[in-house]
Amino acid sequence: YDLTFSPVKSVSTLWAVADPAVAAVIERAHQAAVRDALAFIEKHALFTRTGPQGIRQVNVRGLVAAAFTHRDSRAGDPDLHTHVAVANKVQTLDGRWLSIDGRVLFKANVAASETYNTALEQHLRDSLGVRFAERPGTDPAKRPIREIVGVDPRLNQRWSTRRAHIETRRGELAIQFQQDHGRPPTPVEALHLAQQATLETRDAKHEPRSLTEQRSTWLNEATTLLGGRAAVAAMVQTALTPAAATATIADARWIAQTADHILAVMENSRSTWQMWHVRAEAQRQIRTADLPPERASALVDLLVDGVLNGRSVALVAPHDGLEEPDALRRADGSSVYTVAGADLYTSQRILDAERRLVLAAGRRDGTAVDESTVDLALLEMA
């Protein structure tokens, strides 16, 4: 499995032009956030399967992986990111080496990514004092993206060459699809077009460059764009000394309001949800709270519990009355015959809306056109 952890563009931009000491702090924060995300995966999403047809899902000791940190994109722009190559073999608690249960790891992908994003913000805030805020001009139909305050958006855009090429080609493919099929692509088809655009615009890997060569190139590009070395230095100083902002205190009232908001996000985007969806959204919400990284996990657990157990309706089969012995239970007490995180939830608001739709579909007292009028209309059309 290839897990990739990449920060928002402003992090790579600041890392590319800041002095080496600050750049080293940014890279350490990135590596710490990667470790936090891997710890999340090990705790919540790493299992294997045993028994006939892999019917039992059991705990494992942890993942075996190698991490490779890259400094730039294929276009040569600064792009600090880490690939984690995860071996497909994990060790059960009784010592056997078996394959990872990929079902859960796949489901946890977005939640792991959001765990990394939250941890990175917290580590950078604690180590450098930078502040993040929502990127202005973001499409309201998409989730907001948080960037480092003070990093010039023009520089972020200048160093997003790869994404710009992909978006241009994706637009061309969407226009061609419309012409060929007489309709816009569905969301699934649009995803396939985006994947096609990514592959078609993928440059060959360039010759390797040392970090010194890269930083020299990037500083020259930033100097040209911003109007001088002094402008670049001023931008870095602004990012490292942001104006104070009112901190959000994660008290009981904030937790209740945030859980209500997470439920509303779930209801507006899907009819059913799983723990992974709620956990990913909880990670997005806690970024505005003023708390140290070590408390983030506990706060996310509180929000997830508040949404799933206090505000959602569980769509589970009636209990069969059987109680598995300890030997057939995972470390968290759940049965090995269940799939971790697979329970579905909805809300009373969704159920009420579906009930109204079903009742409306069964009504037969609406206005109807008599048969002779229909025949006459068909005759006139013919």
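Higher on the page you've got the structure.
All of the points below concern the structure found in this document. Every chain's residues receive numbers from 1 upward, in the order its sequence appears when written. Reporting of local features is limited, given that this is a predicted model, to residues whose pLDDT is at least 70; pairs of side-chain atoms are given and counted only at 80 or more, and all residues count toward the totals for whole chains, interfaces and linings. Calculation of side-chain values draws on the structure's entire complement of heavy atoms; hydrogens and water are dropped beforehand.

**Observations concerning the overall build of the protein chain**
Then, number 1: By the criteria applied, helices consist of DSSP H or I runs no shorter than four residues and strands consist of E runs no shorter than two, each listed in order from the N terminus. The helix and strand tally for the protein chain stands at 14 helices and 11 strands.
Then, number 2: Once the C-alpha set of the protein chain is aligned to its principal axes, its extents read approximately 80 × 70 × 45 Å.
Then, number 3: Under the scheme applied here, a residue whose accessible area is under 20% of the maximum for its type counts as buried, over 50% as exposed, and between as partly exposed, the area being computed with a 1.4 Å probe on protein chains only. Burial statistics for the protein chain: of 382 residues in total, 37% are counted as buried.
Then, number 4: We call two residues contacting when some pair of their heavy atoms lies within 4.5 Å. Sequence separation of at least 24 residues holds for 71% of the intrachain contacts in the protein chain that already meet a minimum separation of 6.

**Looking at the packing of helix α1 (residues 9-17) against helix α2 (residues 20-44)**
Then, number 1: At a minimum axis distance of 7 Å, the contact between α1 and α2 shows a crossing angle of 145 degrees. Contact residues: Val 11, Leu 14 and Trp 15 in α1; Ala 23, Ile 26 and Glu 27 in α2.
Then, number 2: Gly counts as polar in this scheme, as do all residues outside two lists: the nonpolar Ala, Val, Leu, Ile, Met, Phe, Trp, Tyr, Cys and Pro, and the charged Asp, Glu, Lys and Arg. A class-by-class count of the residues in the contact of α1 with α2 yields five nonpolar, no polar and one charged. Every axis corresponds to a line fitted to the C-alpha atoms, with the helix fit spanning only the stretch in contact, and the corresponding angles, defined between N-to-C directions, vary from 0 to 180 degrees.

**Things to note about a nonpolar patch on the surface**
Then, number 1: Put simply, a patch holds well-exposed residues, over 30% relative accessible area, that have no salt bridge, with like charges counted together within 9 Å and Val, Leu, Ile, Met, Phe, Trp or Tyr side chains within 5 Å. Each accessible area value is a Shrake-Rupley result obtained with a 1.4 Å probe; residue values ignore everything except the protein chains displayed when judging cover. A side-chain nitrogen of Lys or Arg and a carboxyl oxygen of Asp or Glu constitute a salt bridge if their distance falls within 4 Å. Taken together, Val 369, Val 374, Leu 378 and Met 381 make up a surface patch of nonpolar side chains, about 420 Å² in accessible area.
Then, number 2: Among the secondary structure elements, Met 381 is positioned in helix α14 (residues 371-381).

**Some remarks on unusual backbone geometry**
Then, number 1: Look at Gln 53: it is not a glycine, yet its phi comes out positive at around 55 degrees.
Then, number 2: By the secondary structure assignment, Gln 53 is in the loop between β2 (47-50) and β3 (56-59).
Then, number 3: Given a relative accessible area of 76%, Gln 53 falls into the exposed group.

**Things to note about the sheet that holds strand β1 (residues 2-5)**
What holds strands together in a sheet is hydrogen bonding between their backbones, with the strands either parallel or antiparallel.
Then, number 1: Strand order in this open sheet of three strands is β1-β5-β4, and the pairing throughout is antiparallel. Each edge of the sheet is formed by a strand with only one pairing partner; in this case those strands are β1 and β4 (65-72). When the angles between neighbouring strand axes are averaged without regard to direction, this sheet yields 20 degrees.
Then, number 2: Where β4 meets strand β5 (residues 78-86), seven bridges bridge the pair, whose relative direction is antiparallel. Across the sheet, Ala 65 pairs through a bridge with Val 86, a residue of β5. When DSSP finds two or more bridges between a pair of strands, those strands are recorded as paired.

**Observations regarding the pairing of β3**
Then, number 1: In terms of strand pairing, β2 meets β3 through four bridges, oriented antiparallel. Residue Thr 50 lies in a different strand from β3, and its bridge partner there is Arg 56.
Then, number 2: If you look at the hairpin formed by β2 and β3, you'll find five residues sitting between the two strands, and Gly 51 has a positive phi there, around 85 degrees.

**Here's the deal with the packing of aromatic side chains**
Then, number 1: Between 30 and 60 degrees the pair is tilted, below 30 it is stacked and above 60 it is edge-to-face, where a pair is any two Phe, Tyr or Trp rings, Trp via its six-membered ring, whose centres lie within 6.5 Å. Enumeration over the complete set of coordinates arrives at two aromatic pairs.
Then, number 2: A ring pair is formed by Phe 5 and Tyr 116, whose centres lie 5.6 Å apart and whose planes are at 45 degrees; its orientation type is tilted. Residue Phe 5 is found in strand β1, and its partner Tyr 116 is found in helix α4 (residues 109-128); the two are separated by 111 residues along the sequence. Neither Phe 5 nor Tyr 116 differs from the other in exposure class; each is buried.
Then, number 3: Arranged with centres 5.7 Å apart and planes meeting at 50 degrees, the rings of Trp 15 and Trp 218 form a pair that is tilted. On the criterion of sequence distance, the pair formed by Trp 15 in helix α1 and Trp 218 in helix α8 (residues 211-226) is long-range, its members being 203 residues apart. Residues Trp 15 and Trp 218 agree in their burial class; the two are buried.

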